[in-house]
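Spelled out, the chains give:
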Amino acid sequence: MLRLLLLWLLNALALLGVTYVMPSIHVTGFVTALIAAVVLGLLNTLVKPILAILTLPITILTLGLFYLVLNGFMFWLASAFLPGFQVDGALAAILGALLYSVIAWVLSALVPGK
């Protein structure tokens, strides 16, 4: 349980880190980043697998590159739900999702596992 809370905090910090690197992504504060991390986690758990199956033919045709667009769409969709989290365009969403994934992956690698 403690590991889950720590990963949640690290994902929120990763989202704040993305806002410092990319000026086209805005988060109003740390509480908004915490909520956005939860929303991103829920969307990636519940909605993304369904969309990944539905878009499998185009993902195969593009040799997996369409999965980056799907990640960007999830990032943009999270910003559509939260008033304090804003993404200013499709390219910003795709790059922001990619950067968020890399930062969150590096931070989560620092947390000892089971």
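Here is a short report on the structure shown in this document. (Residues numbered from 1 in each chain as written. Predicted model: local features only at pLDDT ≥ 70, side-chain atom pairs only at ≥ 80, totals over all residues. Heavy atoms only, no water.)

Attention now goes to the environment of F81. Here F81 lies in helix 5 (residues 66-81). The sequence separation of F81 and A36 amounts to 45 residues, and the corresponding C-alpha distance is 8.9 Å. The contact partners of F81, leaving out residues within four places of it in the chain, are V39 and L43. (Helix = DSSP H or I, 4+ residues; strand = E, 2+ residues; numbered from the N terminus. Contact = heavy atoms within 4.5 Å.)

Once that is clear, we can look at helix 5. Here helix 5 spans 23 Å end to end across 16 residues, near enough to the 22 Å set by a 1.5 Å rise per residue. Every buried residue belonging to helix 5 is among L70, N71, G72, M74, F75, L77, A78 and S79, and all of these are buried. In this structure, the buried residues of helix 5 make contact with helix 1 (2-21), strand 1 (25-27), helix 2 (30-46), helix 3 (48-54), strand 2 (85-87) and helix 6 (90-109). (Expected span 1.5 Å × (residues − 1). Buried < 20%, exposed > 50% of the residue type's maximum accessible area, 1.4 Å probe, protein only.)

Relative orientation of the contacting elements helix 5 and helix 6 amounts to 95°, with a least axis distance of 7 Å. Taken together, the axis directions place helix 5 and helix 6 in an arrangement best described as roughly perpendicular. Facing L68, V69, N71, G72, F75 and W76 of helix 5, the residues of helix 6 in contact are A93, I94, G96, A97, L98 and Y100. Partitioning the contact of helix 5 with helix 6 into residue classes produces 9 nonpolar, 3 polar and no charged. (Axes fitted to C-alpha atoms, helices over the stretch in contact; angles between N-to-C directions. Parallel < 35°, antiparallel > 145°, perpendicular 65-115°, else oblique. Nonpolar A, V, L, I, M, F, W, Y, C, P; charged D, E, K, R; others polar.)

None of the figures reported here should be taken as evidence of function without further support.
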